[in-house]
Amino acid sequence: MLKYEGLLAVLIAGIVIGLAYSTKSGRGLLAVGIFLIGLSLTYALNWYYNSRVERIEDERTEMINARSTRNAYALMSALLFAEYLWEYSKGNTETATMLLIPLAVGAFVLLVSQYWYGRVM
């Protein structure tokens, strides 16, 4: 059985590859779907592994969870923005425009997670 870190790495790689493929093929809605499915699978993976151990809930663990979620969304947004800049600099404005959809969704989720992190702090 794969460990948590291995499964998470495979999941993130799948999301990045799926987003790259969907934007290269010009399917913006597919990119949003892949992003949302990846987000759901990440939460499901965390839920599964956290359900197997006894959780200790205090302010520190909530802060750590909120911070790691915020950092993950920031990393995903940075990767999408780098792909956007790459496509735009190559002259693929149509593909770059399609990347704005998942980038906007990621920015919205980043703002929500920042709000949650600020509330937990």
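Residues take numbers from 1 onward in each chain, read along the sequence in its written order. The model is predicted, so local features are restricted to residues of pLDDT at least 70 and side-chain atom pairs to those at 80 or more, both for listing and for counting; the totals for chains, interfaces and linings are taken over all residues. As a convention, hydrogens and water are excluded, and side-chain values are obtained from all of the structure's heavy atoms.

A.B. asks: Lay out the nonpolar core in plain terms, naming residues and giving numbers.
C.D. replies: Working definition of a nonpolar core: buried Ala, Val, Leu, Ile, Met, Phe, Trp, Tyr and Cys residues. They are joined through side-chain atoms within 4.5 Å. Working definition: with a 1.4 Å probe on protein chains only, accessible area under 20% of the residue-type maximum means buried, over 50% means exposed, and in between means partly exposed. Within the largest apolar cluster, 14 residues are counted, with the highest numbers of intra-cluster contacts made by Ile15, Leu19, Phe35, Met76 and Leu80. Where this core is concerned, the elements lending two or more residues are helix 1 (4-24), helix 2 (28-51), helix 3 (59-89) and helix 4 (93-120). Every residue pair with non-hydrogen atoms within 4.5 Å of one another is taken to be in contact. Excluding its chain neighbours within four sequence positions, the residues that come into contact with Phe35 are Leu19, Met76, Val105, Gly106 and Val109. The helix and strand labels rest on DSSP assignments: H or I over at least four residues marks a helix, E over at least two residues marks a strand, and numbering proceeds from the N terminus.

A.B. asks: Give a detailed account of the environment of Gly26, specifying residues and quantitative values.
C.D. replies: On the secondary structure map, Gly26 appears in the loop between helix 1 and helix 2. In the structure, Gly26 is positioned 73 residues away from Leu99 in sequence and 8.8 Å away in space, judged by C-alpha atoms.

A.B. asks: Residues and numbers for helix 1, please.
C.D. replies: Helix length check: helix 1, at 21 residues, gives a terminal C-alpha distance of 30 Å against a target of 30 Å (1.5 Å per residue), a fit within 8%. The complete set of buried residues in helix 1 reads Leu11, Ile15, Gly18, Leu19, Ser22 and Thr23. Projected onto a plane normal to the axis of helix 1, the buried residues spread over an arc of 120° and lie on a single side. Along helix 1, exposed side chains directed more than 90 degrees from the buried face belong to Glu5, Val10 and Ile17. Each residue after the first adds 1.5 Å to the expected span of a helix. The arc in question is the one spanned by the directions pointing from the helix axis to the C-beta atoms.

A.B. asks: Explain the packing of aromatic side chains to me, and be specific about the residues and the numbers.
C.D. replies: Two rings from Phe, Tyr or Trp (for Trp, the six-membered ring) form a pair when their centres sit within 6.5 Å of each other. Planes less than 30 degrees apart are called stacked, planes more than 60 degrees apart edge-to-face, and all others tilted. Summed over the entire model, instances satisfying the criterion amount to three aromatic pairs. Measuring from centroid to centroid gives 5.3 Å for Tyr48 and Tyr49, while their planes differ by 85°, and the two rings are edge-to-face. On the accessibility criterion, Tyr48 (36% relative accessible area) is partly exposed. For Tyr49, a relative accessible area of 18% gives the class buried. Here the aromatic rings of Phe81 and Tyr84 are separated by 6.0 Å at their centres, their planes lie at 25°, and the arrangement is stacked.

A.B. asks: Outline the packing of helix 1 against helix 2, supporting the account with residue identities and numerical values.
C.D. replies: Close contact between helix 1 and helix 2 brings their axes to 9 Å; oriented N to C, the two are set at 175°. One finds that helix 1 runs roughly antiparallel with respect to helix 2. For the pair formed by helix 1 and helix 2, the contact residues are Tyr4, Leu7, Leu8, Leu11, Ile15, Gly18, Leu19, Tyr21, Ser22 and Thr23 on the first element and Leu30, Ala31, Ile34, Phe35, Gly38, Leu41, Thr42, Leu45, Asn46 and Tyr49 on the second. Under the scheme applied here, ten amino acids are nonpolar (Ala, Val, Leu, Ile, Met, Phe, Trp, Tyr, Cys and Pro), four are charged (Asp, Glu, Lys and Arg), and all others, including Gly, are polar. Its residues placed into classes, the contact of helix 1 with helix 2 shows 14 nonpolar, six polar and no charged. Where helices are involved, their axes are fitted lines through C-alpha atoms of the stretch in contact, as for all axes, and angles between N-to-C directions lie from 0 to 180°. Here is the rule for angles: anything less than 35 degrees is roughly parallel, anything more than 145 is roughly antiparallel, 65 through 115 is roughly perpendicular, and the remaining ranges are oblique.

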